[in-house]
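# Commentary on secondary and tertiary structure
Here are the chains, one letter per residue:
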Amino acid sequence: MPHETKEADTVSSKTENDVKESDNGFGMNNSKISEDYSALKYEIWYQTSHKGAATAAAFSDNGQFFATGSADSTLKLVSIERLKSPSERGTYDEKPVIRALYDHRDVVNQVTFHSNGLVLASCSDDQSIKLFDLSLAQGKRSFRFIQDNSPIKSISFHPSGEYLASGTASGKVVLYDIKSLSGVTPNFGPSDRISGIINSVKFSKDGKLLGVGSSNGDLKIVDGITGGVVLDLQQTGVDSSSKAKNQVHSIEFTRNSKYVLTSTTSNSPLNPSAGNVLNSGSVYQTQLWDTNSGKVVQTYNFPFSSKPGMTNVSTGKSVSCFNFDENLVLAIDPFSDSICCWDSRTGRQLNQYGGFSDPINYLCASPTDKSFITCR
């Protein structure tokens, strides 16, 4: 039986002058940001296909490569340089997909690059983490691996590259030493224990903080050195009776670590006028939290709409991220299977891109330019 082809889309803006990246991260003050970005238009630049649904993607820190993972257990490594037009990239016969990787036995849940750009890590429902050496010319199998006893849902490299955090379907967080591959589990206190599936683990850019989010609404900020919980965001911002109804799908820190962006799904009806999207009992929220006070400082409201012929029913999830200069917040809109774009400071929606035929499974943005990837 032929396999249905699923795709990972690289989407790029067509404006000529990219905004310069600032070391100040989210702290910079640019009053013209809404005007500058409101005219920004995106179009699909490149598509690569897997036999199964594309489920994960990541850019390298230098923005020169990206990798995708699939439900068919495969990965692909793509060169950004080779996506350019023939006149720009030199050799016409060079294909963008540098390598396909084949060492998993089940769906790939997340991929991430080491800070040196030479190692790609992936995690899977096959209960393993694979490390691929990208410096090898022909290597298609991992050169090292970590085996757990539960499906591994999320991974994140420490910025130093010396450690790797993982989150499992059994609710376990493990910090691995990359040299020895030995792992330790943070010793959370009774009130800080995490329940449910760990959907997202993410180090801050300076490595001092680790965000952890679960399917039961746990959303914690952990000290990246001691492993102790320093902040429980859901406990601070959400009534305890509704905490377990909020499933955390994604976590991303600002460059200065002062804020953290999250996307969650709730199965309890909330008021759409309060900045939430109601659809057959599901509410999607994308919010920005202050990592010092634990308070929500901005909510990014989805348009309350759906694709033609639909009645606001969605079974998807929302994943969010910052663009490369943190002036924009991008998030999956499960209703319209598109990407919503907001001014990160004001929360004003600037545009919406896509309206794809398939649900979007994952989203990530380039760290060096305006392009982003969708997986479906």
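The residue numbering used here restarts from 1 in each chain and proceeds along that chain's sequence as written. Totals for whole chains, interfaces and linings use every residue, but because this is a predicted model, local features are given only for residues with pLDDT of at least 70 and side-chain atom pairs only at 80 or more, for both listing and counting. Only hydrogens and water are set aside when side-chain values are computed; all heavy atoms of the structure are taken into account.

### Regarding the packing of aromatic side chains
We call Phe, Tyr and Trp rings a pair once their centres come within 6.5 Å, taking the six-membered ring for Trp, and we label the pair stacked below 30 degrees between planes, edge-to-face above 60, and tilted otherwise. Applying the stated criterion across every chain, the model contains six aromatic pairs. Between the aromatic rings of Phe302 and Trp342, the centroid separation amounts to 5.3 Å while the plane-to-plane angle is 85°, which identifies the pairing as edge-to-face. Here the residue Phe302 occupies a position in the loop between strand S23 (296-300) and strand S24 (320-322), and Trp342 occupies one in strand S26 (residues 338-343), the gap between them amounting to 40 residues. Accessibility assignment for this pair places Phe302 and Trp342 in one class, buried. Following the ring pairs from residue to residue traces out a cluster consisting of Tyr42, Tyr353 and Phe372. Two thresholds decide whether a charge sits over a ring: the Lys NZ or Arg CZ must be within 6 Å of the ring centre and within 35 degrees of the ring normal. One cation-aromatic arrangement involves Lys130 over Phe145; the distance from NZ or CZ to the ring centre is 5.0 Å. The helix count covers DSSP runs of H or I at least four residues long, the strand count covers runs of E at least two residues long, and both are numbered beginning at the N terminus. Type-normalised accessible area, obtained with a 1.4 Å probe on protein chains alone, sets the label of each residue: buried when under 20%, exposed when over 50%, and partly exposed for intermediate values.

### Remarks on the UniProt feature "repeat: WD" (unreviewed entry) in the chain
UniProt positions are given in the numbering used here, feature names are shortened, and annotations may be inferred rather than shown by experiment. Here the UniProt feature "repeat: WD" (unreviewed entry) sits at residues 47-77, 101-142 and 145-186. Between the C-alpha atoms that bound residues 47-77 the distance is 13 Å, and the span itself is 0% helix and 61% strand.

### Focus on the environment of His50
Along the chain, the position of His50 falls in strand S2 (residues 42-50). Here His50 falls in the buried class, since its relative accessible area comes to 4%. Any N or O atom pair separated by 3.5 Å or less is treated as a polar contact, with the protein-specific requirement of one donor-capable and one acceptor-capable atom, and with residues adjacent in sequence counted only for side-chain atom pairs. Looking at His50, its side chain comes within polar contact range of the side chain of Thr68, at 2.8 Å.

### Notes on the pattern of salt bridges
A pair is scored as a salt bridge if a Lys or Arg side-chain nitrogen falls within 4 Å of a carboxyl oxygen belonging to Asp or Glu. As enumerated under the stated definition, the model contains eight salt bridges in all. A salt bridge links Asp125 to Lys153; the nearest nitrogen and oxygen atoms lie 2.8 Å apart. Within this pair, whereas Asp125 is found in the loop between strand S8 (119-124) and strand S9 (128-133), its partner Lys153 is found in strand S11 (residues 152-157), the two being separated by 28 residues in sequence. For Asp125, a relative accessible area of 22% puts it in the partly exposed group. Three or more residues joined by partner-sharing salt bridges are found here, namely Asp103, Lys130 and Arg141.

### Structural notes on the nonpolar core
Here the nonpolar core consists of buried residues drawn from Ala, Val, Leu, Ile, Met, Phe, Trp, Tyr and Cys, with membership extended through side-chain atoms lying within 4.5 Å. Core analysis: the biggest nonpolar cluster contains 31 residues, and Phe66, Leu330, Ile339, Leu363, Phe372, Ile373 and Cys375 have the highest contact counts within it. Among the elements of the structure, S2, strand S3 (54-59), strand S25 (328-333), S26, strand S27 (349-354), strand S28 (362-365) and strand S29 (372-375) are those that each provide at least two residues to this core. Ranked by residues supplied to this core, first place goes to S28 with four residues. The next biggest cluster of nonpolar side chains, apart from the first, holds 14 residues, and it includes Cys123, Ile129, Ile146 and Leu164.

### Some words on the sheet that holds strand S16 (residues 209-214)
Spatially, four strands are ordered S15-S16-S17-S18 in an open sheet, and the strand pairing comes out antiparallel. Strands at the two margins of the open sheet, each flanked by one partner only, are strand S15 (198-203) and strand S18 (229-232). If you compare each strand with its neighbour and ignore which way they point, the axes differ by 20° on average. One requirement defines pairing of two strands: DSSP has to find at least two bridges between them. Lines fitted to C-alpha atoms define the axes here, with helix axes fitted over just the stretch in contact, and angles between the N-to-C directions of these axes take values from 0 to 180 degrees.

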